[in-house]
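Take a look at the letters that make up each chain.
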Amino acid sequence: MKKFIVTLSALLVHVALAAPVEYRISQQTNTARGSNQVFANIATVESETDFENFTGRTNNVTGTLSFDREAKTGGGTLIINGKSIVTGVDLRDEDMRTKAWMDFDNNPEIRFETIRVLNYREDVYRVRGNLTLKGVTKEVVARVTMKYSPASRVPTSLKNLGILGDVVAMSSKFSIKLSDFGIKHPAIDAGRVSDRLDMTVKVIASDKYSGDK
Amino acid sequence: MKAGQWQRVCRFLALLAVAVFVLSYPVTWFITRNGQLIQRVIPADASVSALFGDSGPGTPFGERGVYLIGDPAAFLEGTGAKGERFVSQTYLDEKGIYPLQTKTVWFFHFFVVLVSGVGALIFGVVWWSLNRRRGARSAPSL
């Protein structure tokens, strides 16, 4: 009987520890710029054209992550502000925002919502989710690395940015076809711009920020 | 313009086109000779990189590529798995440097070769045709 109670208690404790925790990706981590930048959440898009490969980026990434360290599963929503993506060439950025390309002027959000998470190995996950771009939603599979750190191991530099709780550092990479999202352009048909777009996201999410009640 | 003048102009343009065609190769080679395999990174605090399990100098920015970067201050310590050198994207942003890819240089070279090649062909044919006609006119009639 004693053995049964001990085993049941251990199981209950395990179940309690196995609860998913919600972490937020905050704009607070997006404010530092330049050489003194400690870290800023970042999303990049990379495209191959006939005369160069260019990379667009934005630090305007928000969302929520739900992560269960014990069960090695979770979910969440990631929102990237596409309108704030810059490539280093103003004319190209303007072009990218038009209806002929990504239409960020009318559909500024790139949204990723998790459907299923599978632990691949250690901190690496295979995440299936719905990606919405230019108002079109398609299922994509992303390779995601999620690393948890308790608040005691968070560097002071991040605490100074207002990150006060435990953190999950998430990085992800996946590729999409522009044509799958209704982005069709003569330059793609002519092979001058690749139909493939590589996307990466690197964010820090926390369960507590300064200013939280 | 007289036929003789046209002939001289076409000869000049044909030879010019051939010169441009031929010289474009060593010029392009010269421009791209210092191209290096580079990985641009956004430098990050080592303690923050450790949260992600990263050991490199920062967050990779874009894929590796062959770039022409003349400012040595842009380079960071160390090399990557494929021998690529690391360049600080933050430094490039601060200095307003948009790094040139050798791919871009060779792309424009392709157009120079195409235009000069076609030009050499057209002007060459016109020159040859005018030359032939002139030769036929100067041949003594029987």
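Residues numbered from 1 in each chain as written. Chains lettered and ligands numbered in written order. Predicted model: local features only at pLDDT ≥ 70, side-chain atom pairs only at ≥ 80, totals over all residues. Heavy atoms only, no water.

**Q** Report on the overall build of chain A, specifying residues and quantitative values.
**A** Scanning chain A for helices and strands turns up four helices and 10 strands. By the burial criterion, 44% of the 213 residues in chain A qualify as buried. In chain A, the proportion of contacts linking residues at least 24 apart, taken out of those at least 6 apart, comes to 59%. Summing over all exposed atoms, chain A offers an accessible surface of approximately 11,000 Å²; the carbon and sulfur share of this is 52%. (Helix = DSSP H or I, 4+ residues; strand = E, 2+ residues; numbered from the N terminus. Buried < 20%, exposed > 50% of the residue type's maximum accessible area, 1.4 Å probe, protein only. Contact = heavy atoms within 4.5 Å. Areas by Shrake-Rupley, 256 points an atom, 1.4 Å probe, with all protein chains shown as cover.)

**Q** I'd like a rundown of a nonpolar patch on the surface, residues and numbers included.
**A** All names here are of chain B. A cluster of nonpolar residues, F110, F111, L114, V115, V118, L121, I122, V125 and V126, forms a patch on the protein surface that exposes about 810 Å² of accessible area. Along the polypeptide, L121 turns up in helix α4 (residues 102-138). Overall, the relative accessible area of 59% leaves L121 in the exposed class. (Patch = residues over 30% accessible without salt bridge, like charges linked within 9 Å, V, L, I, M, F, W, Y side chains within 5 Å. Salt bridge = Lys/Arg side-chain N within 4 Å of Asp/Glu carboxyl O.)

**Q** So what's going on with the pattern of salt bridges? Which residues, and what values?
**A** Within this structure, the stated rule accounts for 12 salt bridges over all chains. Measuring nitrogen to oxygen at the nearest pair gives 3.3 Å for the salt bridge that ties E113 of chain A to R111 of chain A. A salt bridge links K202 of chain A to D54 of chain B; the nearest nitrogen and oxygen atoms lie 2.5 Å apart. Placement of K202 of chain A in strand β10 (residues 193-206) and of D54 of chain B in the loop between α2 (46-52) and β2 (58-60) is noted, with the two residues assigned to different chains. Relative accessible area serves as the criterion here: at 29%, D54 of chain B is assigned to the partly exposed category.

**Q** Could you give an account of the pairing of strand β3 (residues 53-58) of chain A, with specific residues and numbers?
**A** All names here are of chain A. Extensive coverage of β3 is indicated by the burial of five of its six residues. Pairing between strand β2 (residues 42-49) and β3: six bridges, direction antiparallel. Directly across from E46, in β3, lies its bridge partner T55. Count of turn residues in the β2/β3 antiparallel hairpin: three residues. (Pairing = 2+ DSSP bridges.)

**Q** Describe helix α1 (residues 3-32) of chain B, listing the residues and the values that go with them.
**A** End to end, α1 of chain B covers 43 Å across 30 residues, agreeing with the expected 44 Å (1.5 Å per residue, within 8%). Every buried residue of α1 of chain B is accounted for by G4, Q7, C10, A14, A17, S24, T28 and T32 of chain B. (Expected span 1.5 Å × (residues − 1).)

**Q** Provide a residue-level description of the nonpolar core, including the pertinent values.
**A** Note on soluble globular proteins: their nonpolar side chains tend to be buried together. Formed by 40 residues in total, the largest nonpolar core has its most connected members in L131 and I176 of chain A. The contact partners of L131 of chain A, leaving out residues within four places of it in the chain, are I110, R111, F112, V136, T137, K138, V140, F174, I176, F181 and M199 of chain A. Core analysis: the next-biggest nonpolar cluster, separate from the first, contains 13 residues, V154, V167 and I204 of chain A together with F52 of chain B among them. (Core = buried A, V, L, I, M, F, W, Y, C linked by side-chain atoms within 4.5 Å.)

**Q** Go over the packing of aromatic side chains, please, and point to the residues and values.
**A** Tallying each qualifying case throughout the model produces seven aromatic pairs over all chains. Ring centres of F110 of chain B and F111 of chain B lie 5.5 Å apart, and the angle between their planes is 70°; on these two criteria the pair is classed as edge-to-face. Put simply, the rings of F51 of chain A together with F107, F108, F110 and F111 of chain B pair up and form one aromatic cluster. The ring of F52 of chain B carries K202 of chain A above its face, with NZ or CZ at 4.7 Å from the centroid. (Phe/Tyr/Trp six-rings, centres within 6.5 Å; stacked < 30°, edge-to-face > 60°. Lys NZ or Arg CZ within 6 Å of the ring centre and 35° of its normal.)

**Q** Could you give an account of the interface of chain B and chain A, with specific residues and numbers?
**A** Accessible area lost on assembly of the parts is the figure often given for the size of an interface. Contacts between the two partners involve 23 residues from chain B, matched on the other side by 35 residues from chain A. The contact between chain B and chain A buries some 2,400 Å² in all, and 54% of this surface belongs to carbon and sulfur atoms. On the chain B side of the contact with chain A, L51, F52 and Y98 of chain B bury the most area, a combined 30% of that side's loss. If you look at where chain B meets chain A, you find four salt bridges. Summed over the shared surface of chain B and chain A, the result is 12 residue pairs in polar contact (both at pLDDT 80 or more). Looking at the side of chain B that touches chain A, the elements that each hand over two or more residues are β1 (36-43), α2, α3 (89-95) and α4 of chain B. Looking at the side of chain B that touches chain A residue by residue, the classes come out as eight nonpolar, eight polar and seven charged. (Buried area = accessible area lost by both parts, 1.4 Å probe. Polar contact = N/O pair within 3.5 Å; in protein donor to acceptor, adjacent residues only side chain to side chain. Nonpolar A, V, L, I, M, F, W, Y, C, P; charged D, E, K, R; others polar.)

**Q** Residue-level account of the side chain of Q101 of chain B, with values.
**A** Looking at where Q101 of chain B falls in the secondary structure, it is placed in strand β6 (residues 100-101). A polar contact is formed between the side chain of Q101 of chain B and the backbone oxygen of N53 of chain A, at a distance of 2.6 Å. Those residues within four positions of Q101 of chain B in sequence are excluded, and the remaining contacts are E52 and N53 of chain A together with V66 and Y67 of chain B.

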